[in-house]
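Residues per chain, in single letters:
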Amino acid sequence: MSNIYDVAIIGAGPAGLSAALYAGRSRLSTLLIEKEMDGGQIVVTHEIENYPGSLEKETGPSLIERMVKQAERFGAQRAYDIITDVNLEGGVKVLTGLKAEYQARCVIVATGAQPRPMGCPGEKEFIGKGVSYCATCDANFFEDFEVFVVGGGDAAVEEALYLTGFARKVTIIHRRDELRAAKSIQEKAFANPKIEFMWNSVVTELRGDGILSSMVVEDTKTGELRVIEADDEDGMFGLFVFIGFDPHSELFIDKLDMDGPYLVTDENMHTNVPGVFAAGDVRAKALRQVVTAAADGAIAATQAEHYLSRTAH
């Protein structure tokens, strides 16, 4: 592909779509590249209540559909391809895909991240039907229900504390006999009367008829299995998994500065390479939500416009 775009955006989740909208409105020639399905993680979200201005009974797919149309209305061109290599040096960046090669003066990396799954039978089937990877997204749906949190790090314990504002009981399931979270966070959890602990335990199977209603837990020391059933009156319980995130950043190893698996940016989404920006869940940040991803994309596109105006010949 010989056309050189002003901006190429990798990833069509909320960050990439927001970047495409802002870049298009700035009259920049914009290419939005997505490997499979628009929307990223949010397309598996059955109800969205915490995105400003979202409709009543908003779903992930409905919100993304409107975002896609808005980006395209402002001229963003589309390519569905898997990027396999990138050359980010120089004034024109080259993105190599399975279908074509793409060139752009600026690149916005919005490849996202996905929560690390437990990998047990039944997990995929109950996503959005009892299984969640985001307490701030889904806690409201478990008002006065019993919920379980898998994990023992900072995120797991902090999310468990957050869930106590909604659930009647929160049980932290951890594969070891002590938490990995910071001591200050642990102290809050131990002091909270709503939180209980299931030590030396891993979830090995999830079950239910359409919704999550039981699970099998294995004792990591004895190998003993036990089945945990939902309260008869509830008919279901919530299972929140917080065992880490896997950002889609493999392409950029040794090409961009990273903090572990995450891309490092400043507050204006600049990476260490001029003309290359990162937005959304792929970058190191404190809060991974649709609203923060959209904000990142807007900032990245605006900064790309500034970069292009400074480097124009």
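Okay, so let's go over this structure.

Thresholds, definitions, all that
Residues numbered from 1 in each chain as written. Predicted model: local features only at pLDDT ≥ 70, side-chain atom pairs only at ≥ 80, totals over all residues. Heavy atoms only, no water. Salt bridge = Lys/Arg side-chain N within 4 Å of Asp/Glu carboxyl O. Buried < 20%, exposed > 50% of the residue type's maximum accessible area, 1.4 Å probe, protein only. Helix = DSSP H or I, 4+ residues; strand = E, 2+ residues; numbered from the N terminus. Expected span 1.5 Å × (residues − 1). Arc of directions from axis to C-beta. Contact = heavy atoms within 4.5 Å. Lys, Arg positive; Asp, Glu negative; His and termini not counted. Polar contact = N/O pair within 3.5 Å; in protein donor to acceptor, adjacent residues only side chain to side chain. Phe/Tyr/Trp six-rings, centres within 6.5 Å; stacked < 30°, edge-to-face > 60°. Axes fitted to C-alpha atoms, helices over the stretch in contact; angles between N-to-C directions. Left-handed = near helix turned anticlockwise from the far one by under 90°. Nonpolar A, V, L, I, M, F, W, Y, C, P; charged D, E, K, R; others polar.

Tallied over the full model, the rule gives 13 salt bridges. For Glu72, the salt bridge goes to Arg78, with nearest N and O atoms at 3.5 Å. For Glu72, a relative accessible area of 37% puts it in the partly exposed group. Looking at Arg78, the relative accessible area reads 22%, which means it is partly exposed. We note a salt bridge from Arg283 to Asp296, for which the minimum N-O separation is 2.9 Å. Of the two residues, Arg283 sits in the loop between strand 19 (276-278) and helix 6 (290-311) while Asp296 sits in helix 6, which places them 13 residues apart along the sequence. You'll find Arg283 and Asp296 in the same group, each marked buried. Salt bridges sharing partners connect three or more residues here, namely Asp38, Glu72 and Arg78.

Across its 14 residues, helix 2 (residues 60-73) extends 20 Å between first and last C-alpha, which sits within 8% of the 20 Å expected from 1.5 Å per residue. Those residues of helix 2 lying buried are Gly60, Leu63, Ile64, Met67, Val68 and Ala71. End-on, the buried residues of helix 2 take up no more than an arc of 135°, which puts them together on one face. Away from the buried face of helix 2 by more than 90 degrees, exposed residues Lys69 and Arg73 are located. Looking at the packing, one finds that the buried side of helix 2 touches helix 1 (14-25), strand 3 (77-80) and helix 6. Residue Gly75 follows helix 2 closely and has a positive phi angle near 95°.

One non-glycine residue with positive phi stands out, namely Arg27, at about 65°. As for its position among the elements, Arg27 is in the loop between helix 1 and strand 2 (30-34).

So, on to the side chain of Glu123. Inspection of the secondary structure puts Glu123 in the loop between strand 7 (113-115) and strand 8 (131-132). No salt bridge is formed by the buried Glu123; the nearest opposite charge belongs to Lys124, separated by 8.4 Å. A distance of 2.6 Å separates a polar atom in the side chain of Glu123 from the backbone nitrogen of Gly119. Apart from residues no more than four positions distant in its own chain, Glu123 is found in contact with Pro117, Met118, Val131, Tyr133, Leu206 and Val241.

A few words now on the packing of aromatic side chains. Within this structure, the stated rule accounts for six aromatic pairs. With a centroid separation of 5.4 Å and 75° between ring planes, the pair formed by Phe142 and Phe240 is classed as edge-to-face. Linking Phe142 in the loop between helix 3 (135-138) and strand 9 (146-150) with Phe240 in strand 15 (residues 238-241), this pair joins segments that are 98 residues apart in sequence. Residue classification places Phe240 among the buried residues on the basis of a relative accessible area of 0%. Seen from their ring centres, Tyr162 and Phe166 are 5.3 Å apart, and the 45° between their planes marks the pair as tilted. The exposure class of Tyr162 is partly exposed, given its relative accessible area of 33%. Here the aromatic cluster, defined as three or more aromatic residues joined through ring pairs, consists of Phe142, Phe240 and Phe242.

Now for the packing of helix 4 (residues 154-163) against helix 5 (residues 183-191). Where helix 4 contacts helix 5, the axes come no closer than 10 Å and their chain directions differ by 35°. Between helix 4 and helix 5 lies a crossing whose hand is left-handed. Counted together, Asp154, Val157, Glu158 and Leu161 of helix 4 and Ile185, Lys188 and Ala189 of helix 5 form the full contact between these two elements. Residues belonging to the contact of helix 4 with helix 5 are distributed by class as follows: four nonpolar, no polar and three charged.

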